[in-house]
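Remarks on the overall topology
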Amino acid sequence: RMMGRLSRETTCILAVLAALCIELAACSAGDRSHEFRSCVAVCWRESCGPTGPPLPAHLTLLGWDCLENCQYDCMHAVTAEAIGKGQPVRQFYGKWPFVRLLGIQEPASALFSVMNAAAVAYGFSRFMSLAPPDYPCRGVIALQSVVSLHTWLWSTVFHSRDTHWTERMDYFSASSMVASGLLLQFVMLTGAQAVVWHWCYALLLGTLYAAHVGYLAFFHFDYGYNMAVNVAVGALYTAVWLIWCLKHRKERVYVWKCAVVVLATSGLLALELLDFSPIWWTFDAHSLWHLSTVPLPLLWYSFLMDDASYKPTTKKGV
């Protein structure tokens, strides 16, 4: 009986250890360490059985299970031990250690995502109330605004709880915001009367977006490919706006707002290159990037309101 019980415990522990790194690409130095794996195995054996204590309601509400909670506790235990020994902080499963807040995995990034959504909602509301009702771009601006709000919603969800599906929805919604930005740019720069071209371009963007998401969702979720696509599209988007701003800087004195937004959006991405362990286990480079983008929607909608007031509806193009 004793041998059978030990065998079952050993099998369960090995199963837990295998689950910790079921995808090698997702592993980092912290979760590969012997200290971490041993800690999780012990925690799982002592806390996750039928007689183990139940998780708090707020953790259960956000989808945490006992094994994930063990991983969280052991991550901080191993990190505290490493700091005490003068060793560097290590990443776990591709991320730095964060302190949860009411079960929210990355509270700073989640909060700043909400702030970005609030900025979009406020700017869009002001635009719809102040822009001329016959402004031909109102519809596509409304579409782009709704897509942006959808993107920041999924960013909030993902940073609140990082799972397989929330990560993918975060990526897919971000790509949809890029696509809607390209559509708005095309409509504004080609003029109100190029309706057929607008629909053709929208169909093209929709097809490319569907192909992009379909490849990531059903064939291979390739982070490098997704990054390359977004960098290339972002560079094209920025270049086109800057050329337009340069061309119209004399008669449209407000175009500096557009230039600042697109340059700041591209420039602030450099924060993503500053990969450091979170300050107070809360603020990392990614969260600071989200914080830095909060004012940009307000300036962007100010530009759109100026352009709506300036450009006659009968003008054929720009």
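First, a word on what this report is: a plain description of the structure on this page. Since we're looking at a predicted model, the values are computed, not measured. (Residues numbered from 1 in each chain as written. Predicted model: local features only at pLDDT ≥ 70, side-chain atom pairs only at ≥ 80, totals over all residues. Heavy atoms only, no water.)

1. Details of the packing of helix α6 (residues 107–130) against helix α7 (residues 138–160)
Let me state the cut-off plainly: Axis definition: a line fitted to C-alpha atoms, limited for helices to the stretch in contact. Angles are taken between N-to-C directions and run from 0 to 180 degrees. Starting at the N terminus, helices and strands are each numbered in turn, a helix being any DSSP run of H or I of at least four residues and a strand any DSSP run of E of at least two. For classification, angles of less than 35 degrees are called roughly parallel, those exceeding 145 degrees roughly antiparallel, those between 65 and 115 degrees roughly perpendicular, and all remaining angles oblique. Handedness of each helix crossing follows the sense of rotation of the near helix against the far helix: counterclockwise by less than a right angle gives left-handed, clockwise gives right-handed. When checking whether two residues touch, look at their non-hydrogen atoms; a contact exists if any pair is within 4.5 Å.
One can describe the packing of α6 onto α7 by two numbers: an axis separation of 8 Å at closest approach and a directional angle of 165°. As far as their axial angle goes, α7 and α6 are roughly antiparallel. Relative to α7, α6 is oriented so that their crossing is left-handed. Contacts between α6 and α7 involve Ser-109, Ala-110, Ser-113, Val-114, Asn-116, Ala-117, Val-120, Ala-121, Phe-124, Phe-127 and Met-128 from the former and Arg-138, Ile-141, Ala-142, Ser-145, Ser-148, Leu-149, Trp-152, Ser-155, Thr-156, His-159 and Ser-160 from the latter.

2. Remarks on the state of the cysteines
The condition that has to hold: Note on terminology: pairs of cysteine sulfur atoms within 2.5 Å are recorded as disulfides. For every residue, the accessible area (1.4 Å probe, protein chains only) is compared with the maximum for its type, and the residue is labelled buried under 20%, exposed over 50%, or partly exposed between those bounds.
Following the criterion strictly, the structure yields 3 disulfides and no others. There is a disulfide in this structure between Cys-43 and Cys-70, and the S-S distance comes to 2.1 Å. Classification of the bridge connecting Cys-43 and Cys-70 rests on its S-S torsion, roughly -75°, and on that basis the disulfide is left-handed. Of the two residues, Cys-43 is situated in helix α3 (residues 34–47) and Cys-70 in helix α5 (residues 66–84); the sequence distance between them amounts to 27 residues. Residues Cys-43 and Cys-70 agree in their burial class; the two are buried. The disulfide that involves Cys-48 links it to Cys-66, with 2.0 Å between the sulfurs. In this structure the cystine formed by Cys-48 and Cys-66 twists about its S-S bond by roughly -85°; its chirality is therefore left-handed.

3. Structural notes on the pattern of salt bridges
Test applied: A carboxyl oxygen of Asp or Glu within 4 Å of a side-chain nitrogen of Lys or Arg is what we treat as a salt bridge.
Evaluated as defined, the whole model comprises 7 salt bridges. Note that Asp-162 and Lys-95 form a salt bridge whose closest N and O atoms lie 2.8 Å from each other. Here Lys-95 lies in the loop between α5 and α6 and Asp-162 lies in the loop between α7 and α8 (164–190), a separation of 67 residues in the sequence. Residue Arg-252 is joined to Asp-307 by a salt bridge in which the shortest nitrogen-to-oxygen separation is 2.9 Å. Here Arg-252 is found in the loop between α10 (223–247) and α11 (255–267), whereas its partner Asp-307 is found in helix α13 (residues 296–310), with 55 residues between them in sequence. Overall, Arg-252 belongs to the buried group, its relative accessible area being 1%.

4. Description of the nonpolar core
Formally: Nine residue types can take part in a nonpolar core, namely buried Ala, Val, Leu, Ile, Met, Phe, Trp, Tyr and Cys, and a core is a set of them joined through side-chain atoms within 4.5 Å.
If you look at the biggest cluster of nonpolar residues, it comprises 33 residues, and the most contacted ones within it are Phe-127, Ile-141, Met-188, Trp-241, Trp-300, Phe-303 and Leu-304. Apart from residues lying up to four places away in sequence, Phe-303 is in contact with Met-188, Trp-241, Trp-244, Tyr-254, Lys-257 and Cys-258. One finds Phe-36, Val-40, Tyr-72 and Met-75 within the second-largest nonpolar core, a separate group that totals 11 residues.

5. Description of α3
In plain terms, the rule: What a helix should span is 1.5 Å times the count of its residues minus one. Arc, as used here, means the arc of the directions from the helix axis to the C-beta atoms.
Between the first and last C-alpha of α3 there are 20 Å, a value that for 14 residues agrees with the 20 Å anticipated at 1.5 Å per step. All buried positions along α3 are accounted for by Phe-36, Val-40, Ala-41 and Cys-43. With its buried residues spanning 165° around the axis, α3 presents them on a single face. Those residues of α3 that are exposed and angled more than 90 degrees off the buried face are His-34 and Glu-46.

6. Some details on the packing of aromatic side chains
As a reminder, the rule being used: Two aromatic rings, drawn from Phe, Tyr or Trp (for Trp, its six-membered ring), form a pair once their centres lie within 6.5 Å of each other, and the interplanar angle then sorts them: stacked below 30 degrees, edge-to-face above 60, tilted otherwise.
As enumerated under the stated definition, the model contains 20 aromatic pairs in all. Between the aromatic rings of Tyr-171 and Phe-221, the centroid separation amounts to 5.4 Å while the plane-to-plane angle is 80°, which identifies the pairing as edge-to-face. Of the two residues, Tyr-171 is situated in helix α8 and Phe-221 in the loop between α9 (195–218) and α10; the sequence distance between them amounts to 50 residues. Tyr-171 gets classed as partly exposed once you look at its relative accessible area, which sits at 24%. Accessibility expressed as a relative area gives 12% for Phe-221, which makes it buried.

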